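Structural overview for review
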Amino acid sequence: MSGVKRAVGAVVTGVLALSLAAGVGLAGLLLPDSDLARPEMALNAGAVSSSEGRAAMVCLGGIERSVATGVNVAQADEKIRSFSGALLTGVTPAVALTRWQTLTGKTPAKATAGGSSGANGSTSVGSAGRDTGNAVTTAVIDGAFTSKTGLGTAALTGAASINRAAGQEALLMGGTAHVASAGDLRGLAYVPCAWPTNSLWLVGSASTVGTSNRLVLSNPTLTSVQVKIRAFTSLGEASLGTSSLVALPPQTIRSISLDGLVNDDDTIAFFLAAEAGQFTAALQTNTLSGFTPAGIDMISAGREGRSVVIPGLVLPAGNVNLGGIKSATETGKSALVDSAVKAGVRIVNPSDQMLIASVELIGADGKARALSGGSNVKLISGGVLELSLDGVQPGAYAVRVSADGPVAAGAFVRYDAGAAGKDVAWLASQGTVTNAGAAVGIGTAQLVVVPALNTNQVREAAFTWKAFDAKGKQIAEKKVSAKGTVAVALPSGTAYVSVNSAAPVYAAISGQADLGNGVGIAWAPLSQTGANTSTTRVLFAN
């Protein structure tokens with residue numbers, strides 16, 4: 001029997017090698033079609049990547065209106081603005097053979113035999129009948145590489161790629177940030193650039209009246225990709241009918257409205273998987289409570305497992321009046337979370353049987369402590385459960401969700417500015433990183449880092465963070481020793497931030513912006529260095 005297992009392993013290894021060399025998606029080779037749409041099949045899957053070829057980081061554009069005309073509350077000045085850019089550090093663009101490929105809703109035309117002139121005067125050369133993009137000659141990708149959203153703001157909509165072999169020391173980070181002071185799009189939102197995968201979770205939002213959900217997907221590869229979508233609600237899995245399968249032509253980006261596809265439910269989540277090939281996706285969610293804006297965000301990709309970690313949860317303390325006389329108030333910080341802030345954790349059970357899950361918070365001391373009311377909670381088959389974080393003390397945390405089967409999880413923070421409206425930040429479960437970065441661009445931000453866990457205590461780790469301005473100039477650097485969750489206030493003018501650690505850490509950005517009538521909040525993960533990304537998750541079984 002052991003000989004049979006070794007033989008099967010040898011065959012699988014051979015298939016993996018041939019598939020990676022050919023750039024073929026492995027999911028369609030290793031799993032039967034009936035299992036491809038089962039998220040639990042990826043449990044404890046290995047991450048496979050090739051050290052050859054190109055690694056592409058995909059930028060999905062910016063925030064768009066959910067309806068054609070939008071809602072301008074009381075004809076107020078929306079004051080919409082954005083930041084958009086990407087930064088390459090660790091190696092020069094020429095050495096890494098960095099290129100930019102603009103993605104649209106249509107398959108790019110074939111490049112001419114002699115190449116075509118790019119936006120920055122470079123030459124685009126055809127490869128197998130496809131446009132290979134424009135050469136990047138500067139560390140910062142912005143300006144001529146950006147496109148315009150329907151709001152008239154700048155956004156990165158395309159893929160930045162580097163040569164894997166030449167870019168081993170490269171770190172590529174980027175994204176688009178949106179802020180608006182009024183109207184249906186009021187709030188702060190990050191749209192981080194991301195590396196392709198063959199499956200992902202989007203945990204967050206609602207399907208109730210007043211909430212709009214816009215799914216953005218991209219296929220940066222040279223072959224077509226079909227993406228299967230599954231929807232989960234508080235009552236179980238919901239059928240999407242013919243809308244469950246999305247075709248993505250090569251080198252394209254698609255935007256799809258999910259409104260009306262799922263019955264009214266306050267707690268929803270989506271799982272996306274490709275039978276072959278890789279893609280990226282994010283979910284724009286924005287809500288109106290009547291005519292009052294109630295939050296906007298772009299939900300980033302998350303992952304599943306028997307134990308998943310959500311980094312970057314920041315619960316601010318409220319102010320307390322110590323003097324009693326308003327004109328001569330002596331203020332301090334309360335032991336309670338700001339009353340304008342509400343937060344929660346959302347857990348999804350994608351399996352066909354009930355699961356038991358528990359939620360823990362990892363704070364500054366590094367210990368994992370059970371959430372009150374969050375131990376041994378029951379998750380119905382295909383169901384989504386939301387737990388409140390009311391009563392948790394102010395501070396920065398990582399959230400760990402563990403279960404007796406594969407689950408997906410996310411978290412949210414909501415800031416209520418009263419009559420002006422609300423804003424929301426959705427957090428996604430992430431893997432550990434050692435060399436990673438993210439774009440900030442607008443407002444102020446905190447870098448939140450926690451070392452990898454060892455059972456119920458984190459492993460102490462030292463990491464170095466660097467902050468860069470919009471032109472790519474380094475403006476700060478510091479080494480930090482972390483025994484638990486550490487929140488670092490980034491200096492004013494930070495557009496990009498990177499983290500380098502010898503030991504694995506979880507890292508994210510918690511941002512906020514002054515809207516003039518309240519606070520806008522957002523969250524973004526730090527993405528791992530490009531030379532080691534664009535991985536395919538594969539299930540190994542005897």
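Predicted model only: the values in this text are computed from it and were never measured.

This part takes up the overall build of the protein chain. When helices and strands are counted, the protein chain shows three helices and 45 strands. With 542 residues in all, the protein chain has 55% of them scored as buried. Long-range pairs, those at least 24 residues apart, make up 77% of the contacts in the protein chain between residues at least 6 apart in sequence. Accessible area for the protein chain stands at about 22100 Å²; split by element, carbon and sulfur atoms hold 52% of it.

If you look at the biggest cluster of nonpolar residues, it comprises 41 residues, and the most contacted ones within it are Tyr-190, Leu-447, Trp-465, Tyr-496 and Ile-509. For this core, the element with the most residues is strand 42 (residues 496–514), which contributes seven residues. Beyond its immediate chain neighbours, meaning those up to four positions away, Leu-447 contacts Phe-463, Trp-465, Val-486, Ala-487, Val-488, Leu-490, Val-497, Val-499, Ala-508, Ile-509 and Leu-526. If you look at the next biggest cluster of nonpolar residues, it comprises 35 residues, including Val-345, Leu-387, Ile-521 and Trp-523.

With that settled, the discussion passes to the packing of aromatic side chains. In this structure the tally under the stated criterion is five aromatic pairs. Their ring planes at 75 degrees and their centres at 6.3 Å tell us that Trp-100 and Phe-145 sit as a pair that is edge-to-face. Of this pair, Trp-100 sits in strand 4 (residues 99–102) while Phe-145 sits in the loop between strand 10 (140–141) and strand 11 (147–148), and the two are 45 residues apart along the sequence. When sorted by exposure, Trp-100 lands in the same class as Phe-145, which is buried.

With that out of the way, let us pick up the side chain of Arg-214. Assignment of secondary structure puts Arg-214 in strand 17 (residues 211–219). Within the structure, Arg-214 has its side chain in polar contact with the side chain of Gln-284 (distance 2.8 Å). Ignoring any residue separated from it by four or fewer positions in sequence, one finds Arg-214 in contact with Gly-62, Ile-63, Glu-64, Ser-255, Ile-256, Ala-282, Leu-283, Gln-284 and Met-298.

Moving on, we come to the sheet that holds strand 10. On the basis of which strands lie adjacent, the open sheet formed by four strands has the order 10-3-14-15 and antiparallel pairing. With partners counted over all chains shown, the strands left at the sheet margins are strand 10 and strand 15 (187–192), one partner each. Pairing of strand 3 (residues 81–89) with strand 10 involves two bridges; the strand directions are antiparallel. Within strand 10, the residue paired with Ala-86 across the bridge is Ile-141.

Moving on: the environment of Thr-287. Looking at the secondary structure, you find Thr-287 in strand 23 (residues 280–289). For Thr-287 and Ser-66, which are 221 residues apart along the polypeptide, the C-alpha to C-alpha distance reads 9.6 Å. Here Thr-211 takes part through its side chain, which lies 2.9 Å from a polar atom of the side chain of Thr-287.

Further remarks concern the sheet that holds strand 4. With antiparallel pairing, four strands are arranged side by side in an open sheet as 2-13-4-9. The outermost strands of the open sheet, each flanked by one partner alone, are strand 2 (54–60) and strand 9 (134–135). In this structure, strand 2 lies alongside strand 13 (residues 157–163), joined through seven bridges in antiparallel fashion. Its bridge partner lying in strand 13, Leu-60 is registered against Thr-157.

Our next topic: the confidence of the model for the protein chain. The share of residues in the protein chain with pLDDT of 70 or more is 80%, and the mean pLDDT across the chain is 84. In this model residues 111–129 is a low-confidence stretch, pLDDT under 50, and it forms 35 contacts with partners more than four residues away in sequence or in other chains. Long-range and interchain partners of residues 538–542, a stretch whose pLDDT sits below 50, account for 14 contacts in this model, where long-range means more than four residues apart.

The next point concerns the state of the cysteines. Here the structure, examined in full by the defined rule, presents one disulfide. At a sulfur-sulfur separation of 2.1 Å, the disulfide partner of Cys-59 is Cys-193. Negative torsions about the S-S bond denote left-handed disulfides, and the value of about 105 degrees found for Cys-59 with Cys-193 makes this one right-handed. Within this pair, whereas Cys-59 is found in strand 2, its partner Cys-193 is found in the loop between strand 15 and strand 16 (199–203), the two being separated by 134 residues in sequence. We note that Cys-59, like Cys-193, is buried.

Attention now goes to the pairing of strand 4. Bridging between strand 4 and strand 9 involves two bridges; their strand directions are antiparallel. Considered in strand 9, the bridge of Arg-99 is made with Ala-135.

Next up on the list: unusual backbone geometry. Even without a glycine there, the phi angle at Ser-205 is positive, about 75 degrees. Examined against the element boundaries, Ser-205 turns out to sit in the loop between strand 16 and strand 17. Positive phi values are uncommon outside glycine, yet Asn-376 reaches one of about 55 degrees. Secondary-structure assignment places Asn-376 in the loop between strand 30 (368–370) and strand 31 (377–379).

Close approach of charged atoms allows side chains of opposite charge to pair. Applying the stated criterion across every chain, the model contains seven salt bridges. Between Arg-400 and Glu-360 there is a salt bridge, with the nearest N and O atoms lying 2.8 Å from each other. Here the residue Arg-400 occupies a position in strand 33 (residues 395–416), and Glu-360 occupies one in strand 29 (residues 355–362), the gap between them amounting to 40 residues. Residues Arg-400 and Glu-360 agree in their burial class; the two are buried. The partner of Asp-365 in a salt bridge is Arg-369, and the shortest N-O contact between them spans 2.6 Å. The class of Asp-365 is partly exposed, set by a relative accessible area of 34%. Linked by salt bridges that have partners in common, Arg-65, Glu-78 and Asp-184 make up one network.

Definitions and limits used
- Residues numbered from 1 in each chain as written.
- Predicted model: local features only at pLDDT ≥ 70, side-chain atom pairs only at ≥ 80, totals over all residues.
- Heavy atoms only, no water.
- Helix = DSSP H or I, 4+ residues; strand = E, 2+ residues; numbered from the N terminus.
- Buried < 20%, exposed > 50% of the residue type's maximum accessible area, 1.4 Å probe, protein only.
- Contact = heavy atoms within 4.5 Å.
- Areas by Shrake-Rupley, 256 points an atom, 1.4 Å probe, with all protein chains shown as cover.
- Core = buried A, V, L, I, M, F, W, Y, C linked by side-chain atoms within 4.5 Å.
- Phe/Tyr/Trp six-rings, centres within 6.5 Å; stacked < 30°, edge-to-face > 60°.
- Polar contact = N/O pair within 3.5 Å; in protein donor to acceptor, adjacent residues only side chain to side chain.
- Pairing = 2+ DSSP bridges.
- pLDDT = per-residue confidence, 0-100.
- Disulfide = S-S within 2.5 Å.
- Salt bridge = Lys/Arg side-chain N within 4 Å of Asp/Glu carboxyl O.

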